[in-house]
Amino acid sequence: MSRAEATARLGWVTGVIAAATLPHLGHLPPWVPLLLAVCVLWRLGVATRGLPVPPGWLRIALAFVCFLGVLATYGTINGLHPGSALLVVMMALKLLETRRARDLVVLLLIAYFLVFAGFLHNQSLPWGVYLLGVAWLTTAALQQATRTRAPLPAGEALALSGRLLVGAIPVMLILFLLFPRLPGPLWGIGASPGSATTGLSEEMSPGDITELGLSEELAFRARFDGTVPRNSELYWRALVLDEFNGRTWRRSRPRSQMPLQPEQLSSGGQAIEYEVVIEPHGRHWVFALDVPVAAEGDEVVQAADLRLATVRPVNERRTMRLTSDLAAVADLTLPPRDQEHYRRLPQEGNPRSRALAQQLRAGSADDAGVIQALLSRFRAEPFYYTLLPPPLGSDPVDEFLFETREGFCEHYASAFATVMRAAGIPARVVLGYQGGEFNPLSGYHVIRQSDAHAWTEVWLEGQGWIRVDPVAAVAPYRVSDGLMGALRAGEARAGRSVQAMQWRRQAARVWDAANTWWNTSVIGYDDASQRRLLERFGFEGEHARTLVILLAIGLAASLLILALVLARGLLPKRRDPVVLAWQQLCTRLARQGLPPQPGETPRAFAERVAATRPELAAGTRALAAQYQQLRYDPDPAPGLREGFISAARRFRPHRWSRAVR
Amino acid sequence: MSGKLAAAPVTGADAARARADHALTAAPILEALDGIILGKSRELRLALACLLARGHLLIEDLPGVGKTTLAHALARVLGLGFQRIQFTSDLLPADILGVSVYHPERRGFEFQPGPIFAQLVLADEINRATPKTQSALLEAMEEQQVTADGVTHPLPEPFFVVATRNPTEQTGTFALPESQLDRFLMQIRLGYPDPAQERALLTGTDRRSLINQQPATIDPEGLRALQQAVPAVHVSEALLDYLQALIAHSRDSRDYVAGLSPRGGLGLLRAAQAWALLHGHAGVHPDDLQAVLPAVVSHRLVARAGTGEVDPGRALIEAVPVP
């Protein structure tokens, strides 16, 4: 191997090392990439500038120190983060002692490992594409490193390894579809609980949701089986806040953990079945359409305040099948103790609101009248919906209702519920999401953090809990068109042409559809989807047994097809009937103990046959001459071809020999 | 496919007639040669095929087996101008190529062509000369011209070099490097005659006088027509497959130090075409290829040490099946 070739191979390998380490950079302590960079530069210096290779004792000492370094950084060497750090460190040190192709192969195998580990950190579509590219590059480098001849140009090397990967696709698909799946999420290994907590929080005080208002981050996706409700009906319930301290709404622990009693719910006859795919948020919340009535599986439970919750926190993307009834009625009768709970306010604070409540109560015949009166007040007075409300002081409800009159959904919900309670009507605040953007490409509704919303529920005698969204009174577009609709047109679209917006919107839809497919069909392909797939093809009965048999058949079949495709390039083309006839003739002679020798021309073969079997001399000589004429001469005489084929087929050496005997 | 190789488009009937003509033209040449050099019919045909394929011939053998006689006989039979250059260790390039001489009466230099300016040059014992002189000859062979003092002098047409070399075991020789050997289309050995031919040689007329009596059997036009007919001999796909399989095996096999060069492969095809022409075949047959193959590859393929040291051409033929 020449020096230039060795350097070229080293270049490939260092490129792969850099590409495979990149996904881990964010998770590694800074000294690890630094060590890797130093080792890469040193090794390149050895190759091009004649730097000395570090002696063996130094390499061993370095390895020991680095091992201790990883142990000191993480306190353990188990787990995804210490494991990938250790891999990178090993790779850096191994690079220092590479001499032969074998050493490069070891490095490239570590690189493959890092690619896998990269998937454990992040399974999103862009990373998937990137890591696939790295795997391709690694395969090309492996091919270059183990090549006995000079390395190929980069383009050819990538084309060759690309063909290898394409050839591996059938095997990959079979393994993906049929390899037994662990019932739990394998990908969840790396995620630490609470690492993904963007989104709602368990309590609400003025200003909380504002931070979410501008976040385009995905909260969850939903797909309806049948009819899709109108956007104004899409109230996704997440949690219910029932305690108020004058400023902050909270969840009272014991009450919210009581399970739902079946008699609490009465059907409204508008059942809707759908699927939600929830992005990891580290909590137990499930986003269900109001009012959820059933959930598939035993992973989701329903609490007395109607919200759904998971048993385990949602630390990985999770798909759930739910049923909601848009017209269901909850708690037709509410025990007096509970009514009291939902009317409770702090002893002091917000006096003007309390006064307002008494005033409304006095001017209305019943509870419904009070509600209407307050909503009319929101409509009639100059209340504004804005993302940038002024800060509020110690009596936030009073200040909002009587002074600033500018706020976000949480201000309205908080104020509304407070006044209702002050007027003696049981009321609570519900946090969740409202609306969502339908993506026609994937068939899913996409609900983002900017769709986060707060509304209220009031309890009326004989009607149960009724949803009242005060924002709908102030900014009806917020409910029908989403947040962007509620803001003034100039605020959202400043400096952007309508067409550019549409393009952006379309691109975002395509991207979202691709992500949806990736998340639900690739990452989300689990034990249950595997069973469903097999059942669709009529495989029932013992799952594991079916899998093993199908896996074996599938792998054998795909390898056989691959072998046939490869062999087709190696085998000579045998389609020409002339050649076929001659080969059959040779086979017949071979059975008589006269096989053609390798490198023997037809004429020479005929001469040899003539010498050992004089009675066949005339036939074989004539046929060999005709065959060579047909094969090698220009413009054979008309009829020669057909004549030869039939004569060769009729040629029977054994009949002649028997006759002679 | 054959259109690429054909010199001119001809119809089937024309081609058949031309083929028969060529074979008829070649027959008396071979007959005359056989009359002078006894029992070497195969080698004579190879030498003629080499000439028709516009290649150069290298004869490697011991002194006195008839190398010079063969070259001389070829020249006489084909009616070619003949020059013999005896290579010695003190031979200089100018001794071969020629030299510019000052003519006082004309007040200028004039190129005095060397012995290489002949249609058939016998370079005898080429491995006795220094590499510098050897390469002067080989360059002239390759380029078909001689450049002296900035003036280019074309060599005569046809131009055919028969070089002889003693087996390198003999003392006082300079081995030809492989790159130079590749410029010879064929290398043949003559070998000792068999007893009957030896007896005929001992009792018959002196060969030299036979050669001197021999009239030319072909005119320069006829010879040129034969040479031009060689690349037009039909080559089928099947034969090209076979040729490429042979070349590929020579490159992939571990039995050889290096495989056949593209020039070697093309030379093999031309030689086989010339052989087919001499034998009146309409297309090149595997037999034609196999007939010339040992001579074409024997100086090109070097068997790797420890592989039995068999004739590399024979081994190659036996290793590759005829498709």
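Residues numbered from 1 in each chain as written. Chains lettered and ligands numbered in written order. Predicted model: local features only at pLDDT ≥ 70, side-chain atom pairs only at ≥ 80, totals over all residues.

A. Focus on the overall build of chain A. If you tally the helices and strands in chain A, you get 26 helices and 19 strands. The 661 residues of chain A split such that 33% are buried. Taking contacts inside chain A between residues at least 6 apart in sequence as the whole, the part at least 24 apart equals 73%. (Helix = DSSP H or I, 4+ residues; strand = E, 2+ residues; numbered from the N terminus. Buried ≥ 20, exposed ≤ 12 C-beta atoms within 10 Å, placed from the backbone. Contact = placed C-beta atoms within 7 Å.)

B. Structural context of the overall build of chain B. When helices and strands are counted, chain B shows 14 helices and nine strands. Looking at the 323 residues of chain B, the share that counts as buried comes to 43%. For chain B, contacts bridging at least 24 residues in sequence account for 78% of all contacts bridging at least 6.

C. Layout of the sheet that holds strand 1 (residues 218–224) of chain A. Residues and elements named next belong to chain A. Judged by pairing direction, the sheet is antiparallel, and its six strands sit side by side in the order 8-11-6-1-17-16 without closing on themselves. The sheet terminates laterally at strand 8 (292–295) and strand 16 (437–439), the two strands that pair on one side only. Each strand of the sheet is rotated relative to its neighbour by a mean of 30°, with strand direction disregarded. Pairing analysis gives four bridges linking strand 1 to strand 17 (residues 444–448), with the strands arranged antiparallel. Residue pairing for strand 17: Arg221 is matched across the bridge by Val446. (Pairing = 2+ DSSP bridges. Axes fitted to C-alpha atoms, helices over the stretch in contact; angles between N-to-C directions.)

D. Expanded view of the sheet that holds strand 7 (residues 288–289) of chain A. Residue and element names in this part refer to chain A. An order of 7-2-15-18-19 is seen for the five strands of this open sheet, with the pairing classed as antiparallel. Both edges of this open sheet fall to strand 7 and strand 19 (464–468), since each of them pairs with a single strand only. As defined by bridge partners, strand 18 (residues 452–460) adjoins strand 19 across five bridges and the pair is classed as antiparallel. Note on strand 19: the bridge partner recorded for Thr456 is Val468. In the packing of helix 14 (residues 409–422) onto the sheet, the strands contacted are strand 15 (427–434), strand 18 and strand 19, and the crossing angle to strand 18 comes to about 15°.

E. Structural context of the interface of chain A and chain B. Facing the 13 residues of chain A at the interface are 21 residues of chain B. Breaking the side of chain A that touches chain B down by element, the ones donating at least two residues are helix 23 (602–612) and helix 24 (617–632) of chain A. Grouping the amino acids of the side of chain A that touches chain B by side-chain chemistry returns five nonpolar, three polar and five charged. (Nonpolar A, V, L, I, M, F, W, Y, C, P; charged D, E, K, R; others polar.)

F. Representation of the confidence of the model for chain A in the model. Residues and elements named next belong to chain A. The pLDDT averaged across chain A works out to 82; a share of 89% of its residues lies at or above 70. At the low end of the mean pLDDT range in chain A sits helix 18 (residues 489–493), at 46; at the high end sits helix 6 (residues 125–145), at 92. Considering only residues more than four positions removed or in separate chains, one finds that residues 488–495, a stretch of pLDDT under 50, has three contacts. Ignoring residues within four places in sequence, the model shows residues 656–661, a span with pLDDT below 50, making four contacts including any to other chains. (pLDDT = per-residue confidence, 0-100.)

G. Region of interest: helix 13 (residues 286–297) of chain B. Residue and element names in this part refer to chain B. End to end, helix 13 covers 16 Å across 12 residues, agreeing with the expected 16 Å (1.5 Å per residue, within 8%). For helix 13, a buried count of 11 out of 12 residues is recorded, marking the element as mostly surrounded by other parts of the structure. Within the sequence span of helix 13, burial applies to Pro286, Asp288, Leu289, Gln290, Ala291, Val292, Leu293, Pro294, Ala295, Val296 and Val297. Looking at the buried residues of helix 13, the elements they touch are helix 3 (41–52), strand 9 (186–188), helix 11 (237–252), helix 12 (262–278) and helix 14 (312–319). (Expected span 1.5 Å × (residues − 1).)

H. Representation of helix 14 of chain A. Residue and element names in this part refer to chain A. Look at helix 14: 20 Å from first C-alpha to last across 14 residues, which is about the 20 Å you get at 1.5 Å a residue. Among the 14 residues that make up helix 14, 14 are buried, leaving the element largely enclosed by the rest of the structure. Just beyond helix 14, the residue with positive phi is Gly424, at close to 85°.

I. Focus on the pairing of strand 5 (residues 120–124) of chain B. Residue and element names in this part refer to chain B. With respect to burial, strand 5 is a largely interior element, five of its five residues being buried. With burial as the criterion, each face of strand 5 is covered, one bearing Leu120, Leu122 and Asp124 and the other bearing Val121 and Ala123. The sheet contact formed by strand 2 (residues 82–86) and strand 5 spans five bridges and is parallel. Each bridged residue has a counterpart across the sheet, and for Arg84 the counterpart in strand 5 is Leu122.

J. Molecular detail of the pairing of strand 2 (residues 235–241) of chain A. Residue and element names in this part refer to chain A. The buried count for strand 2 comes to seven of seven residues, which makes it a mostly enclosed element. Of the strand pairs in this sheet, strand 2 and strand 15 are connected by six bridges, and their pairing is antiparallel. Within strand 15, the position partnered with Leu241 by the bridge is Val429. Pairing of strand 2 with strand 7 involves two bridges; the strand directions are antiparallel. Within strand 7, the position partnered with Trp236 by the bridge is Leu289.

K. Focus on the packing of helix 23 of chain A against helix 24 of chain A. Residues and elements named next belong to chain A. Interaxial distance between helix 23 and helix 24 falls to 9 Å at its minimum, and their mutual angle equals 180°. Classified by the angle their axes make, helix 23 and helix 24 are roughly antiparallel. In this structure, helix 23 uses Pro602, Arg603, Phe605, Ala606, Val609 and Ala610 to contact helix 24, whose residues at the interface are Ala617, Thr620, Arg621, Ala624, Ala625, Tyr627 and Gln628. Here the contact of helix 23 with helix 24 is built from residues that sort into nine nonpolar, two polar and two charged. (Parallel < 35°, antiparallel > 145°, perpendicular 65-115°, else oblique.)

L. Up close: the packing of helix 6 of chain A against helix 7 (residues 154–178) of chain A. Residues and elements named next belong to chain A. Two elements in contact, helix 6 and helix 7, have axes separated by 8 Å at closest approach and are oriented at 115°. Judged by the inter-axis angle, helix 6 sits roughly perpendicular to helix 7. Where helix 6 crosses over helix 7, the handedness of that crossing is right-handed. Touching Trp136, Thr139, Ala140, Gln143 and Gln144 of helix 6 are Ala157, Leu158, Leu160, Ser161, Gly162, Leu164 and Leu165, all from helix 7. Residues belonging to the contact of helix 6 with helix 7 are distributed by class as follows: seven nonpolar, five polar and no charged. (Left-handed = near helix turned anticlockwise from the far one by under 90°.)

M. Looking closely at unusual backbone geometry. Looking along the chain, the bond that leaves Asp290(A) and enters Val291(A) is cis, with omega of 0°. If you trace the backbone, Val291(A) turns up in the loop between strand 7 and strand 8. A cis amide bond links Glu157(B) with the next residue in sequence, Pro158(B), at an omega value of -10°. With respect to the secondary-structure elements, Pro158(B) resides in the loop between strand 7 (151–154) and strand 8 (160–165). In this structure, Asp331(A) is a non-glycine residue whose phi angle is positive, near 55°. Take Asp331(A): it is sitting in the loop between strand 12 (329–330) and helix 10 (336–341). The phi dihedral of Asn350(A) is positive, around 50°, even though this residue is not glycine.

N. The arrangement of the nonpolar core in detail. Grouped together as the largest cluster of nonpolar side chains are 96 residues, with contacts concentrated most on Ala47(B), Ala49(B), Cys50(B), Leu57(B), Met186(B), Ala271(B) and Val292(B). Sequence-distant contacts of Ala47(B), defined by excluding residues within four places in its chain, comprise Leu57(B), Leu70(B), Leu74(B) and Ile188(B). Of all hydrophobic cores here, the second largest spans 77 residues; its members include Leu306(A), Ala417(A), Tyr433(A) and Val446(A). (Core = buried A, V, L, I, M, F, W, Y, C linked by C-beta atoms within 7 Å.)

O. Region of interest: the environment of Arg343(A). Residue and element names in this part refer to chain A. Of note, Arg343 is situated in the loop between helix 10 and helix 11 (351–362). A residue is classified by how many C-beta atoms lie within 10 Å of it, and Arg343, with 16 of them, is partly exposed. Distance in space between the C-alpha atoms of Arg343 and Thr418 is 8.8 Å, their sequence separation being 75 residues. The contact partners of Arg343, leaving out residues within four places of it in the chain, are Arg421, Gly424 and Pro426.

P. Molecular detail of the confidence of the model for chain B. All names here are of chain B. The pLDDT averaged across chain B works out to 82; a share of 91% of its residues lies at or above 70. The spread of mean pLDDT over the elements of chain B runs between helix 1 (residues 2–5), the lowest at 39, and helix 12, the highest at 92. Scored below 50 in pLDDT, residues 1–11 shows 13 contacts in the model against residues more than four places distant or in partner chains. Our summary of model confidence lists the complex with pTM equal to 0.49 and ipTM equal to 0.82.

Q. Representation of the environment of Trp455(A) within the structure. Residues and elements named next belong to chain A. The topology assignment puts Trp455 in strand 18. Residue class for Trp455 comes out buried when judged on the 25 C-beta atoms lying within 10 Å of it. Note: C-alpha distance between Trp455 and Tyr412 (43 residues apart in sequence) is 7.9 Å. Not counting residues up to four positions away in its chain, the partners in contact with Trp455 are Tyr235, Ala413, Val430, Arg467 and Asp469.

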